[in-house]
Amino acid sequence: MLAEHITRGALESRLFDVCLIGAGPAGITLATELGARGQSVLLLEAGGASYEESSQAMYEGEVVGALKFALDTSRLRYLGGASNHWGGFCQALDAVDFESKVAGVDTEWPIRRRHLDPYLARAEAIVEIPAFTPDRPYGEQLRLTTMRFSPPVNFATKYRGMLEKMPNVATILQACVLNLHERDGAIVSVEITDPDNGRHTARARRFVLCAGGIENSRMLLWANQQNGGRVVRDPRALGRYWLEHPHFTIGEAFLDDRAPFVFDKWSIAWASPTAQAIRDARALNAGLRLTRRNRESSRQMIADLSCVAPELGQWAMAKLKRRLFCGAMLRASWEQAPRAWNRVTLSTDRDRHGTPRAELHWRLDDFDRHTVASAATLLAEAILRRGDGRVRLDPWVLGRGSFPADDEIKGNHHMGGTRMSSSSATGVVDADCKVHGLSNLYVAGSSVFPSGGAANPTLTIVQLALRLADRLGERASAASVL
Ligand SMILES: Cc1cc2nc3c(=O)[nH]c(=O)nc-3n(C[C@H](O)[C@H](O)[C@H](O)COP(=O)(O)OP(=O)(O)OC[C@H]3O[C@@H](n4cnc5c(N)ncnc54)[C@H](O)[C@@H]3O)c2cc1C
């Protein structure tokens with residue numbers, strides 16, 4: 001069933017198998033999976049069925065750092081979460097993304113890609129993308145990758161009907177979780193508020209935070225404060241190692257028509273360094289995008305080039321005239337290094353329920369520039385060496401100047417903050433997404449990613465949610481046997 005509002009007294013007498021907090025891709029995937037296994041599920045969603053200013057305002061917060069973006073427009077606070085406006089670009093993480101790549105840069109997951117592979121086909125079906133096509137080599141150090149496009153699936157539109165029909169899944173909208181109550185090493189209940197500021201309590205055997213890549217940290221930080229530090233007992237990593245995929249234009253390319261790049265429906269060809277090239281460069285993963293320009297725009301690019309490199313410009317123009325050439329914008333979205341200082345903290349400013357707002361401390365450093373410069377240089381050299389054209393990189397990529405603040409900057413991929421680690425010193429959840437030191441609190445979503453690779457996160461979020469549903473299912477059957 002699905003209720004648009006919480007009814008006074010309706011929850012207090014019940015004990016659910018699982019309480020899920022947040023109905024975006026992570027929460028909805030868990031709800032439908034656990035519901036199909038016969039578990040009694042309570043799915044609490046802070047927002048309503050559609051966009052409302054008053055709900056969205058709860059997401060306002062501040063980014064501290066030179067590269068600013070708005071916290072309230074980079075996610076959505078209603079049924080379906082950010083899937084109401086995601087782009088649908090999907091890639092799976094590479095095997096190397098789960099490993100340590102560079103000494104002193106902690107990218108290692110406590111699981112490997114093979115632990116998520118069994119969930120790939122089902123995750124692909126959920127986001128409605130075709131099966132994976134293998135990468136093609138481009139020289140020794142690069143591979144041409146494929147982006148797969150979800151329609152994009154809106155999780156509210158696709159799954160609302162199913163949630164309404166499932167008798168054992170209670171989905172309640174306008175139900176914002178304010179606090180978790182801890183007793184003897186377990187969460188026993190959550191405190192909920194409705195839009196009229198009425199207070200309610202819900203009890204469950206297990207709880208999963210699915211509130212998104214900033215709210216999961218914010219909620220745990222605030223719950224920890226309200227519970228005297230007994231929710232995340234070792235808070236050293238809580239809120240920290242927050243990550244984005246930096247998104248910037250890094251230069252331009254002039255490509256021979258015989259070059260083996262395949263342009264997709266967005267006129268983009270994708271490339272990434274191989275695992276060995278990443279290790280050799282002592283850098284992290286990167287996704288390079290060549291966006292093909294039309295002839296008029298290519299002509300303008302060559303005219304601009306002629307001002308700084310007349311010979312190259314003439315050569316390119318001669319080829320363009322013979323229709324042997326096109327211009328391409330070179331962009332990159334890459335793996336940011338996990339750093340403890342990039343973190344979600346609680347602001348002194350509060351929302352209308354009295355919860356401290358999120359304050360996000362986020363900056364890119366020279367290592368992040370090194371990652372993109374390494375990958376871009378490999379591509380530029382390979383294109384030149386193979387006679388496929390020429391690449392010009394922007395000066396800031398090569399170390400002259402800082403990251404341009406007027407670019408896209410980020411991909412709205414909020415990762416880290418409650419990262420997965422085998423030790424509570426360096427992570428908040430264990431390999432099963434369970435909060436270290438508590439018996440029944442879990443986290444779902446990209447906040448558990450210890451590192452982000454170069455892949456857009458939602459496919460991995462769905463894989464992890466399916467895996468967590470298996471874990472919660474196993475624990476439920478073990479409990480019923482006992
Ligand atoms: C503009 C944009 C474009 C994007 N494009 C892509 C893309 O192309 N590919 C890709 O892979 N990813 C993309 N993303 C990211 C993608 O949308 C997210 O990875 C995904 O939505 C995260 O799912 P989630 O369920 O973890 O969190 P969310 O989608 O953020 O859902 C969290 C839910 O929790 C609810 N909630 C929050 N606080 C509370 C509370 N206190 N109590 C109860 N409920 C609460 C929220 O209302 C929300 O419904 C994009 C994001 C944006 C903003």
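If you're wondering where the values come from, they're calculated on a predicted model, not measured in any experiment. Throughout, a residue's number is its position along its own chain's written sequence, starting from 1. Two thresholds apply to this predicted model, a pLDDT of at least 70 for residue-level local features and 80 or more for giving and counting side-chain atom pairs, whereas whole-chain, interface and lining totals are computed over all residues. Computation of side-chain values: all heavy atoms of the structure, hydrogens and water removed.

**Q** Please provide a residue-by-residue account of the overall build of the protein, values included.
**A** Here a strand is any run of E in DSSP of at least two residues, a helix any run of H or I of at least four, and the numbering for each starts at the N terminus. Across its full length, the protein carries 11 helices and 20 strands. Relative to the 2.2 N^0.38 estimate, which gives 23 Å for 482 residues, the radius of gyration of the protein is 24 Å and therefore close to what a compact globule would have. Taking the principal axes of the C-alpha coordinates as reference, the protein spans close to 80 × 40 × 40 Å. Buried means the residue's accessible area, taken with a 1.4 Å probe over protein chains only, is under 20% of the maximum for its type, while exposed means over 50%, and partly exposed covers the values in between. In the protein, which comprises 482 residues, the share counted as buried stands at 61%. Contact definition: two residues touch when any of their heavy atoms are within 4.5 Å. Here the contacts in the protein between residues at least 6 apart in sequence split such that 74% fall between residues at least 24 apart. For the protein, the computed accessible surface area is about 18,900 Å², with 51% contributed by carbon and sulfur atoms. Between the mean site of the 59 positive side-chain charges and the mean site of the 54 negative ones, the protein shows a separation of 2 Å. Only the C-alpha atoms count toward the radius of gyration. The rule for a globule is 2.2 Å times the residue count to the power 0.38. With residues, only the protein chains shown are counted as cover, and all accessible areas are computed by Shrake-Rupley using a 1.4 Å probe. When charges are counted, Lys and Arg contribute as positive and Asp and Glu as negative, whereas His and the chain ends are disregarded. Taken as the charge centre is NZ of Lys, CZ of Arg, CG of Asp or CD of Glu, depending on the residue.

**Q** So, the pattern of salt bridges: which residues are in play, and what are the values?
**A** Salt bridge, as used here: a side-chain nitrogen of Lys or Arg that lies within 4 Å of a carboxyl oxygen of Asp or Glu. Counted under the stated rule, the structure contains 34 salt bridges. Between D470 and R37 there is a salt bridge, and its shortest N-O distance comes to 2.9 Å. One end of the pair, D470, is in helix α11 (residues 458-481); the other, R37, is in the loop between α1 (25-36) and β3 (41-44), and 433 residues separate them in sequence. By relative accessible area, which is 36% here, R37 ends up partly exposed. In this structure, a network of salt bridges that share partners links the residues E33, R37, R122 and D470.

**Q** Before we move on, could you go through the packing of helix α8 (residues 295-308) against helix α9 (residues 310-321) and cite the residues and values that matter?
**A** The geometry of α8 relative to α9 is characterised by a closest axis approach of 7 Å and an angle of 160° between their N-to-C directions. On the basis of their axis angle, the class for α8 and α9 is roughly antiparallel. The way α8 lies across α9 gives a crossing that is left-handed. Mapping the contact onto sequence places R295, S298, R299, I302, L305, S306 and V308 in α8 and P310, L312, G313, Q314, A316, M317, L320 and K321 in α9. Only C-alpha atoms enter the line fits that serve as axes; for helices the fit covers just the stretch in contact. Angles between N-to-C directions range over 0 to 180 degrees. Comment on the angle field: the value is read as roughly parallel under 35 degrees, roughly antiparallel over 145, roughly perpendicular from 65 to 115, and oblique elsewhere. For any pair of crossing helices, the crossing counts as left-handed if the nearer helix is rotated counterclockwise from the farther one by less than a right angle, and right-handed if it is rotated clockwise.

**Q** Would you mind going over the packing of aromatic side chains in detail, with residue names and values included?
**A** Classification of ring pairs rests on two measures: the distance between centres of Phe, Tyr or Trp rings, Trp counted by its six-membered ring, which must be within 6.5 Å, and the angle between planes, read as stacked under 30 degrees, edge-to-face over 60 and tilted in between. Going through the model one piece at a time under the given rule, you end up with 15 aromatic pairs. When the ring of F89 is compared with that of W270, the centres are 6.2 Å apart and the planes differ by 75°; the resulting orientation is edge-to-face. Here W270 lies in strand β14 (residues 268-273) and F89 lies in strand β5 (residues 89-90), a separation of 181 residues in the sequence. A relative accessible area of 7% places W270 in the buried class.

**Q** Tell me about the layout of surface pockets, and name the residues and values.
**A** A volume near 410 Å³ is recorded for the second largest pocket. If you trace the second largest pocket, you find 29 residues lining it, with A92, L93, D94, R113 and F132 closest to the centre. Contributions of two or more residues to the lining of the second largest pocket are made by α3 (113-116), β7 (142-145), β14, α7 (275-280) and α11. Amino acid classes used here: Ala, Val, Leu, Ile, Met, Phe, Trp, Tyr, Cys and Pro are nonpolar; Asp, Glu, Lys and Arg are charged; the rest, including Gly, are polar. Partitioning the lining of the second largest pocket into residue classes produces 14 nonpolar, 8 polar and 7 charged. Only protein atoms enter the calculation, which uses a 1 Å grid: trapped sets of points that fit a 1.4 Å probe without letting it out are cavities, open sets showing protein on both sides within 12 Å along at least five of seven lines are pockets, and any residue with an atom within 4 Å of a point is a lining residue. Grid points are joined across faces, edges and corners, and a volume is the space filled by probe spheres set on the points.

**Q** Tell me about helix α4 (residues 120-127), and please be specific about residues and values.
**A** Listed in full, the buried residues belonging to α4 are L120, A123, E124, I126 and V127. For α4, the arc enclosing every buried residue in end-on projection is 160°, short of the 170-degree limit, so these residues lie on one face. This arc corresponds to the set of directions leading from the helix axis out to the C-beta atoms.

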